[in-house]
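Per-entry structural report
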Amino acid sequence: MTRIRSGPQALIALIGIVAIVAAACGGQTTSTAPSTAPNPTDATVASPTPAALVTPAPLPADEPGPNGGTVVRWFVGLGTGGQPQQVAAQTAVVTAFNGSQSDVYISLEIYDNQVAGQILRTQIAAGNPPDIIGPVGVEGLNLFIDQLADLAPLIASSGFDMSKFDPALVDFFKMGPAGETIGVPFATYPSFLWYNKALFDEADLAYPPSTVGELYEGKPWDMAAVRELGMKLTVDANGNDATSTAFDAANVVQWGFDMQWADNSPIAESTLFGAGSFVAADGRTAQVPDSMRVAQKWFNEGVWTDHFIPNTSQINSDLLGQSNEFMSGNLAMNQSHSWYACCVNPAPPAEPIVKDFGWAVTPSYNGTTTSKLHADTFSILKTSRNPEAAFAALAVLAGSGELLSVYGAFPADPSLQEAFFATVDANYPGVTLDWSVPQAMLGYPDIPNHQAWVPDYAKSKSAWQAFQNAYRTASGVDIDAALDALQVTLQGIFDAAQ
Amino acid sequence: MTDTTTPLPRSPVWSRASGWRRRPSGREALWGYLFVGPWLIGLVLFTAGPMLTSLAMSFTDFDLLNPDRVRFIGLDNYLRMAGDPTIGGSLIATVRFALISIPLTMIASLAFAVLLNHSRLPARGPLRTLVYMPVMIPLVASTLVWMGFLNAETGWLNGILGALGLPEPDWINSETWIYPSLSLIGLWAIGNFMIINIAGLQSIPTELYEAARMDGAGAWTVFRRITIPLMSPVLFYNLVIVLIGTFQYFTQAYTMTNGRGDPNNATLFVNLVLFREAFVFGKMGYGAAVAWLLFAMVLGITLVLFAFARRRVYYAGGDR
């Protein structure tokens, strides 16, 4: 080996080595090569990098924010808030708030809903948790129930007015293990039937009713009527509907009904046939309510026998907007919540496909109407270093009319409801929105809520999602046997969680 | 007259008599360690350190949401793994996928390399670039595009098959077709292996081919008796890398199924199970145990391959 000369060359080499070490210690290398041809020098496991939709500039934890205020981190993604239409609005609200005062500085982080829970867990475990999470619904709260602070002392000390809310909603958020108040009423999202008027007009069919108890074409407005209507509104490439003998089930181009974005939840689907839970009243015994068996068979037949409900491949196809089914204009009826007001139109500059739509009441089953309810709030984590500042920010967020409108959120504060109606109306010029429908549906919530707590919620949810995906993916599933197997699986999960 | 019988001085390092018994000087060794040092430091800080941490974690019930309540539980995680049907199913799914994907990748990359190394093929450079380009596309983005391409209803592939009067399988939601689908996606990004194979092909002395042809050997005989043996080190390297990558398979499966391992757990590979246990369910201790199971599996298979290589891989220089 050639001898390295001492002096300047050695010094340069040493400086280079130090620079390389400093660079290596400054960040972690992550393989970006395809997993079939990994970087052979990188032994780390390939994993997806959950990209934040909004990435804040890192702020020192104990120093004032750019406006001189206490830094409060707001974590968005556990519920709504990740759609492109919403990101800009949330950013604008935060910017305006930060610029209007110097006590609190909100640092906004928005993550995709699919990975937000995992990211939050990781942040908590790493000792780097945010202060505020939200908007978050019952399910998100269930996943982090032990991490949430009791807001009652903060509500009392700040003088936040809770009297303006419906007492039932106030009690709704006393969800902590010992009845702690973990959120303030912010928004409710009643569910109802969205229908595409153009498809009804094309089929020369009357619109569904907008009043509970109203008949449809002289018959009760129930799940049997939805099936019949759905089949008439399901059309193949030759224009034959699903009631026709010439109907080609292999070439469907328009579907009659679905419950869009129900998160692969059989409990959610089953609420149309009555509320229920996979856990019995004792909190540890797995069960499958009868209403759920009826519901899942109804949906299964709707997909594979009557063909008015799309299967998984169809949902993910271009025909149904790659899962935004109602927006595609090829789904006649969608049972969904008021938050869907965010997404009927595609993000600009794309033009709306569904030019006119209406709202109808949820169909009944055996004379009972059940309309599943989502309710969102903002919560503060126990680990927040500045709970007072966090609550001050939370109070502003919870009272923001701009956020309510962009979330499609029915305000819990009655004084904000008219303004909310006007804002959503303005987003859909030419569409007449009947606000009496969502208001009426608030009176028929699913109790127990379809997102209510079960033991080891994350694992239980994974199990029931697998069930729902199985029947939506392949025909021939024995629903009773699959539900029995699911019950056994859930019992194992519940037992392990004790 | 010059004395040509004077023996040349022996190299202190490469002398056949001294071999490994004469070591480089201490100063030379120090310089070597200095230059390797940054990589060693990175290895310790970013690889070995976390590995040891995960090993320790695998003997605890560490939970992401309650990191302060960690307890030492001994081998409970490993015992639980032994009886967990999810783990068994994931191993089967991973092996099934590997049996399809690995041979396909090896054969296709070699075939492309032979084709794109042919002297009579015009525009070899641009063609090699085109074949390599998919490697540069981010994996998640490409997977999302492939999902559209493979969609049973509106995907282009089924559109082409339908136009040809062929069956149109459900590439993504069928337990039968999901592995060929994933293998197809993998084939799109074989550029790395193709390039490595091309380098291997170009390192084969052309005199051997000329001699073979003079002896009347046909193309297949030349390929089988000359190309493959002399390519064996390169092929072995590719095999090890493909094997490791296949057992670490994750991104495409996660993207296509939202992490659920659909259809019916067919894509619930070991790596995906690890991720779900650790980050979705928050059971980091159990996830760490699954990670070490995966490590042990891959290490074991790699050692078997290296043992196999002693007899089947030909190193022209005699070294390994």
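Residue positions are given per chain, counting from 1 as you read along its sequence in written order. Chain A is the first chain written and ligand 1 is the first ligand written, with later ones labelled in order. This being a predicted model, a pLDDT of at least 70 is required before a residue's local features are given, and a value of 80 or more before pairs of side-chain atoms are given or counted; all residues contribute to the totals for chains, interfaces and linings.

The subject of this paragraph is the overall build of chain B. Scanning chain B from terminus to terminus reveals 13 helices and 0 strands. Here a strand is any run of E in DSSP of at least two residues, a helix any run of H or I of at least four, and the numbering for each starts at the N terminus. Going from N to C terminus, chain B has its helices and strands arranged as α-α-α-α-α-α-α-α-α-α-α-α-α. Note that the radius of gyration is over C-alpha atoms, with the globule rule given as 2.2 Å times the number of residues to the power 0.38. Computed over the C-alpha atoms, the radius of gyration of chain B is 25 Å, more than 25% above the 20 Å expected from 2.2 N^0.38 for a compact globule of 320 residues. Within chain B, the proportion of its 320 residues that are buried is 32%. Across chain B, contacts joining residues at least 24 apart in sequence account for 65% of those joining residues at least 6 apart. Backbone-placed C-beta atoms define the burial measure: a residue is buried with 20 or more other C-beta atoms within 10 Å of its own, exposed with 12 or fewer, and partly exposed in between. Two residues qualify as a contact pair if the distance between their C-beta atoms, derived from the backbone, is within 7 Å.

Turning next to the overall build of chain A. A count of helical and extended segments in chain A gives 18 helices and 11 strands. Taken across its 498 residues, chain A has 46% of its residues classed as buried. In chain A, the proportion of contacts linking residues at least 24 apart, taken out of those at least 6 apart, comes to 74%.

The next point concerns the environment of Asn 173 of chain B. Among the structural elements, Asn 173 of chain B can be located in the loop between helix 6 (156-163) and helix 7 (178-187). In sequence terms Asn 173 of chain B and Gly 155 of chain B are 18 residues apart; their C-alpha atoms lie 13 Å from each other. Ignoring anything within four residues of it in the chain, the contact list for Asn 173 of chain B reads Thr 312, Ser 313, Thr 473 and Ala 474 of chain A together with Ala 152 and Pro 263 of chain B.

Let us look at helix 3 (residues 113-125) of chain A. Helix span, expected: 1.5 Å multiplied by one less than the number of residues in the helix. Taking 1.5 Å per residue, 13 residues should reach 18 Å; helix 3 of chain A reaches 19 Å between its end C-alpha atoms and fits that length. Regarding helix 3 of chain A, the residues found buried are Val 115, Ala 116, Gly 117, Gln 118, Leu 120, Arg 121 and Ile 124 of chain A. On the buried face of helix 3 of chain A, the contacting elements are strand 2 (70-76), strand 3 (104-111), strand 4 (132-136) and helix 4 (138-143) of chain A together with helix 12 (270-280) of chain B. Within two residues after helix 3 of chain A, Gly 127 of chain A carries a phi angle of roughly 75 degrees, on the positive side.

Moving on, we get to the domain arrangement of chain A. Residues and elements named next belong to chain A. In this document the domain limits rely on a domain assignment from an automatic tool or a database. For chain A, the assigned domains read domain 1 (52-188 + 374-427) and domain 2 (191-373 + 437-497). Once you take the C-alpha centre of each, domain 1 and domain 2 turn out to be 29 Å apart. Facing the 19 residues of domain 1 at the interface are 17 residues of domain 2. Contributions of two or more residues to the side of domain 1 that touches domain 2 are made by helix 2 (84-100), helix 4, strand 10 (373-380) and helix 14 (401-407).

As a further point, take the pairing of strand 2 of chain A. All names here are of chain A. Of all 7 residues making up strand 2, 7 are buried, and the element is well covered by its neighbours. Residues of strand 2 alternate between two faces, with Thr 70, Val 72, Trp 74 and Val 76 on one and Val 71, Arg 73 and Phe 75 on the opposite face, all of them buried. Relative to strand 3, strand 2 runs parallel, the two sharing 7 bridges. Paired with Arg 73 across the bridge in strand 3 is Ser 107. Two strands pair if DSSP finds at least two bridges between them.

All right, on to unusual backbone geometry then. Each neighbour pair has its own omega, and for Gly 134 of chain A with Pro 135 of chain A the value is 0 degrees, a cis peptide bond. The omega angle of the peptide bond from Asp 262 of chain B to Pro 263 of chain B is 0 degrees, so this bond is cis rather than trans. With a phi close to 55 degrees, Glu 217 of chain A is a non-glycine residue in the positive phi region. Within the fold, Glu 217 of chain A resides in the loop between helix 7 (197-202) and helix 8 (223-232).

For chain B, the assigned domains are domain 1 (21-57) and domain 2 (74-312). Each of domain 1 of chain B and domain 2 of chain B was reduced to a C-alpha centroid, and the two centroids are 31 Å apart.

This next bit is on the nonpolar core. Residues Val 72, Ile 132, Ala 187, Ala 393 and Leu 394 of chain A together with Phe 269 and Val 290 of chain B are the most contacted members of the largest nonpolar core, which totals 167 residues. Contacts of Ala 393 of chain A, omitting those with residues within four sequence positions, involve Val 72, Trp 74, Val 104, Ile 106 and Ile 132 of chain A. Phe 112, Val 131, Phe 193 and Met 194 of chain B belong to the second largest nonpolar core, which has 11 residues in total. A set of buried Ala, Val, Leu, Ile, Met, Phe, Trp, Tyr and Cys residues, joined through C-beta atoms within 7 Å, is what we mean by a nonpolar core.

Our focus in this paragraph is the confidence of the model for chain A. All names here are of chain A. On average, residues of chain A score 86 in pLDDT, and 89% of them reach the 70 mark or higher. The pLDDT value tells you how sure the predictor is about a given residue, anywhere from 0 up to 100. Confidence drops under a pLDDT of 50 for residues 1-5, and excluding neighbours within four residues, the segment shows 5 contacts in the predicted structure. For the stretch residues 19-50, pLDDT sits under 50, and the model shows 60 contacts to residues farther than four places along the chain or on other chains.

Okay, the confidence of the model for chain B next. Residues and elements named next belong to chain B. Looking at chain B as a whole, the pLDDT averages 88, with 91% of positions reaching at least 70. When mean pLDDT is compared element by element in chain B, helix 6 scores highest at 95, while helix 9 (residues 206-214) scores lowest at 90. ipTM for the predicted complex: 0.76, alongside a pTM of 0.79.

Successive side chains on a regular strand alternate, one facing one side of the sheet and the next facing the other. All names here are of chain A. In terms of burial, strand 5 (residues 187-196) is largely enclosed, as 10 of its 10 residues are buried. Summarising the sheet, strand 5 and strand 10 pair through 4 bridges and their orientation is antiparallel. Counterpart to Ala 187 in the pairing with strand 10 is Asp 376. Of the pairings in the sheet, the one linking strand 5 to strand 11 (residues 410-411) comprises 2 bridges and is antiparallel in character. Following the sheet pairing, Thr 188 is matched in strand 11 by Phe 410. With 5 bridges connecting them, strand 5 and strand 8 (residues 331-337) associate as antiparallel partners. Across the sheet, the residue bridging to Leu 193 is Gln 335, located in strand 8. Looking at chain direction, strand 5 and strand 9 (residues 357-360) are connected through 4 bridges and run antiparallel. When the bridges of strand 9 are listed, Tyr 195 appears paired with Gly 358.

So, about helix 17 (residues 457-473) of chain A. Across its 17 residues, helix 17 of chain A extends 24 Å between first and last C-alpha, which sits within 8% of the 24 Å expected from 1.5 Å per residue. Of all 17 residues in helix 17 of chain A, 13 are buried, a share of seventy percent or more.

To continue, consider the environment of Ala 48 of chain B. Residue and element names in this part refer to chain B. Note on placement: Ala 48 falls in helix 1 (residues 26-57). The class of Ala 48 is partly exposed, set by 13 C-beta atoms lying within 10 Å. Between the alpha carbons of Ala 48 and Leu 121 there is a distance of 47 Å; along the sequence they are 73 residues apart.

The next thing to look at is the environment of Gly 191 of chain B. Residues and elements named next belong to chain B. Locating Gly 191 in the fold gives a position in helix 8 (residues 191-202). You can call Gly 191 buried: it has 21 C-beta atoms within 10 Å. For Gly 191, the contacting residues outside a window of four places in its chain are Val 131, Tyr 132, Pro 134 and Val 135.

Moving on, we get to the packing of helix 2 (residues 76-83) of chain B against helix 13 (residues 284-312) of chain B. All names here are of chain B. The axes used here are C-alpha line fits, helices contributing only the stretch in contact, and every angle between their N-to-C directions lies in the interval 0 to 180 degrees. Axis separation between helix 2 and helix 13 bottoms out at 9 Å; the angle between their running directions is 70 degrees. Taken together, the axes of helix 2 and helix 13 are roughly perpendicular relative to one another. By crossing handedness, the relation of helix 2 to helix 13 is classed as right-handed. Facing Asn 77, Tyr 78, Arg 80 and Met 81 of helix 2, the residues of helix 13 in contact are Gly 285, Tyr 286, Ala 289, Val 290 and Leu 293. Roughly parallel here means an angle under 35 degrees, roughly antiparallel means over 145, roughly perpendicular means 65 to 115, and every remaining angle is called oblique. It is the rotation of the near helix from the far one that decides the hand of a crossing: anticlockwise by less than a right angle makes it left-handed, clockwise makes it right-handed.

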